[in-house]
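Read off the chains here:
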Amino acid sequence: MTFNKAYIIGNGLAGLASAFYLVTDSNIDPNKITIYENSAFDGGSLDAFDFSHNNYYFMRGFRMLEKNVYSAFFDFISKIPFDKDTNKTLLDDFYEFNNEVKTFSVSRLVEKGKAINARQFKLKFADRVRILMLLAKNENEIENLKISDFFSESFFNSNFWIEFATTFSFQPWHSLEEFKRYILRFIQCSPLLDSQSCIRSTRYNQYHSVTKPTKEFLINKGVNFVYNAKLINASFKNANDKLAVNTLQMQINDEPNEIALSNNDLVFMTLGSMTSMYSVGSMKSAPPQHANESSDWNFWKNIAPISKEFGNPDLFLADHNATQWVSFTITFTNPVFFNLLENITRTKAGREGPITIKDSPWLISFALPNHPHFVGQPENLQVMWGYGMHSNTKGTFVNKTLPECTGEEILHEIIKHLKFDEHLNEIMQGATCIPCMLPLITSQFMPRNKHDRPKVVPKCAENFAFIGQYCEIDHDIVFTLEYSVRSAQQAVFTHLRKLEKVTPIYKGWRRLSHLFGAFRTVFR
């Protein structure tokens, strides 16, 4: 079939990847492909803001990659040019960087200011057996179950849980089904959970390493970008015993705008957003109270009643206390903090992997990216990103919950936990900590059944697809760059009838060597 135009809602990674595959694999003129973004920024959750003129940076997230799990993402960046002057791709640069900078953690867990032995998982025998039992369960058997429904209370005090949970952001009340998927997808890495030596990273933050060059590629091809464009609703008509999008009801620069689609047009719609309703604080102020609604979600809520195949957005919005955490970006203008931390880690900053302060009531975890993490980052500015998983407990040294804290108070708590007290004033005077409240950041992990997330291309869909983190892809794991790219591949190639081009999922759980390694790891 010959398609005329394509409309893509959201210019996060899923939207950008959808445009890329349409440009490279469809017969649609790139000038007739338009990406609509409801904000003024590119990249969705892959953001990074450079305020170095004021001596600080800000990111909502920080991502780590693994060579087998991220097969679709690597396929995607293997086709994006790194620059105009060479044949080098983003993947070439990725491999080049990771050959130079290798991760090996000797201080995955820190307690009382010292690295402790993270290799000992300290699991009770019954919990070890339960992990193996879980892997044998069919997903239909564990729908709607929480992780805490399956494991004992002792499991959540083990080093295994703390390391796994803080690496991937799981809480005890999250989905047992998603937890199982993560274990299976990362099973080849299970012996390395404490050392984190399977971790790979982009050279810079993901905005500069992925979003920006992808956008430049698409613009050079002729793809259109429209900002401050909110999708409010869509109307559908019956076509070939299916549903086809008839009109898109938009609000562009606060003005109503209706787009009529022809029978030969395609539309790809990002559902929801895990960074919706975020709010940002400062050194002297806590993040303000977040909004209760977002256009990212209102569209999904508006169309959900049309078909049972469109999923259940309300499930993911139901309890912000269960889905929130606070992240923070700290920029240091002097090397004191990094030098002191390297005395604990015995590793150069950027090669350590994530560190979790085990005795922090907030369960603070942080990472020190390789320098520079931003293009053009001055030598004297060093960046650290972190987050606290336990939002509703009070700190040890700051008598507040994490959402109530200013950047100054978060940094104070970290310094005291790491026993850097003698240098507290010197560190504080040379640092800027920007806290960020993310009320829906782990909402995709909430317990669910198979109908709560719609298929990328529902059976009823004639000319549309859903993309992003809130659609259903068998065997794959949300909260990853991989999921966004794979949703784009499935969306585009299903409509182009080229499903063979979807990158296969690496099924390490079917390899005896990985199963044996996981078994030994659980019982070590």
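Anything mentioned here points back to the structure above.
Throughout what follows, the structure given in this document is the object of discussion. Treat the numbers as computed from the prediction; the structure is a model and nothing was measured. (Residues numbered from 1 in each chain as written. Predicted model: local features only at pLDDT ≥ 70, side-chain atom pairs only at ≥ 80, totals over all residues. Heavy atoms only, no water.)

## Points about the nonpolar core
Membership of the largest hydrophobic core comes to 130 residues, with the highest contact counts inside it found for F179, L248 and F464. When residues in this core are grouped by element, the largest group, 9 residues, is from helix α1 (residues 13-25). (Core = buried A, V, L, I, M, F, W, Y, C linked by side-chain atoms within 4.5 Å. Buried < 20%, exposed > 50% of the residue type's maximum accessible area, 1.4 Å probe, protein only. Helix = DSSP H or I, 4+ residues; strand = E, 2+ residues; numbered from the N terminus.)

## Some words on the sheet that holds strand β10 (residues 255-260)
Taken together, the 3 strands give an open sheet; going across it, the order is β8-β9-β10, and neighbouring strands pair in antiparallel fashion. In this open sheet, the two strands that pair with only one neighbour each are β8 (229-239) and β10. When strand polarity is set aside, the average angle formed by the axes of neighbouring strands in this sheet is 25°. Relative to strand β9 (residues 242-252), β8 is paired through 10 bridges, and the arrangement is antiparallel. Across the sheet, residue A234 finds its bridge partner in β9, namely L248. (Pairing = 2+ DSSP bridges. Axes fitted to C-alpha atoms, helices over the stretch in contact; angles between N-to-C directions.)

## Section: helix α14 (residues 481-495)
For α14, spanning 15 residues, the distance from its first C-alpha to its last is 22 Å, which sits close to the expected 21 Å at 1.5 Å a residue. With 13 of 15 residues buried, α14 lies mostly within the body of the structure. Trailing α14 by a residue or two, R497 shows a phi angle of about 60°, which is positive. (Expected span 1.5 Å × (residues − 1).)

## Side note on the pattern of salt bridges
Per the stated rule, a full pass over the model turns up 27 salt bridges. The salt bridge involving R60 is made with D47; its shortest N-O contact spans 2.4 Å. Of this pair, R60 sits in the loop between β4 (56-58) and α2 (71-77) while D47 sits in the loop between β2 (33-36) and β3 (49-51), and the two are 13 residues apart along the sequence. Judged by relative accessible area, R60 falls into the buried class, the value being 10%. When its relative accessible area of 5% is taken as the criterion, D47 is described as buried. A salt bridge links R185 to D476; its shortest N-O distance comes to 3.0 Å. (Salt bridge = Lys/Arg side-chain N within 4 Å of Asp/Glu carboxyl O.)

## Here we look at the environment of L271
With respect to the helices, strands and loops of the structure, L271 is situated in the loop between β11 (266-270) and β12 (279-280). Other than its neighbours up to four places away in sequence, L271 contacts D296, F299, W300, P454, F466, I467 and Y470. (Contact = heavy atoms within 4.5 Å.)

## Here we look at the packing of aromatic side chains
Taken as a whole, this structure holds 57 aromatic pairs when the rule is applied. Seen in terms of ring centroids, F49 and F58 are 5.9 Å apart; in terms of plane orientation they differ by 20°. Their pairing is stacked. Here F49 matches F58 in class, with each residue buried. Look at W297 and W300: their rings are 5.6 Å apart centre to centre, the planes differ by 25°, and that puts the pair in the stacked class. Taken as a pair, W297 and W300 lie in helix α8 (residues 295-303) at a separation of 3 residues, close to a single helical turn. In this structure W297 comes out as buried when scored by relative accessible area, which is 1%. Classification of W300 as buried rests on a relative accessible area of 0%. The ring of Y278 has R60 lying over it, and the distance from NZ or CZ to the ring centre is 4.3 Å. The ring of F150 carries the charged tip of R130 above its face, separated from the ring centre by 3.9 Å. (Phe/Tyr/Trp six-rings, centres within 6.5 Å; stacked < 30°, edge-to-face > 60°. Lys NZ or Arg CZ within 6 Å of the ring centre and 35° of its normal.)

## Topic: the side chain of S18
Mapped onto the secondary structure, S18 falls in helix α1. For S18, the residues in contact, after removing those within four places along its chain, are I8, I467, A488 and V492.

## Observations regarding a nonpolar patch on the surface
Together, F125, F519 and F523 give the surface a local cluster of nonpolar side chains, amounting to about 310 Å² of exposed area. Position of F523 among the secondary structure elements: in the segment after α15 (512-522). Given the relative accessible area of 30%, F523 is considered partly exposed. (Patch = residues over 30% accessible without salt bridge, like charges linked within 9 Å, V, L, I, M, F, W, Y side chains within 5 Å. Areas by Shrake-Rupley, 256 points an atom, 1.4 Å probe, with all protein chains shown as cover.)

## What to know about unusual backbone geometry
Most peptide bonds adopt trans geometry, and most residues besides glycine take a negative phi value. Of the consecutive residues H371 and P372, the connecting peptide bond is found in the cis state with omega at 0°. Looking at the element boundaries, P372 is found in the loop between β15 (364-367) and β16 (382-388). Notably, N228 is not glycine yet its phi reads approximately 55°, a positive angle. One can find N228 in the loop between β7 (224-226) and β8.

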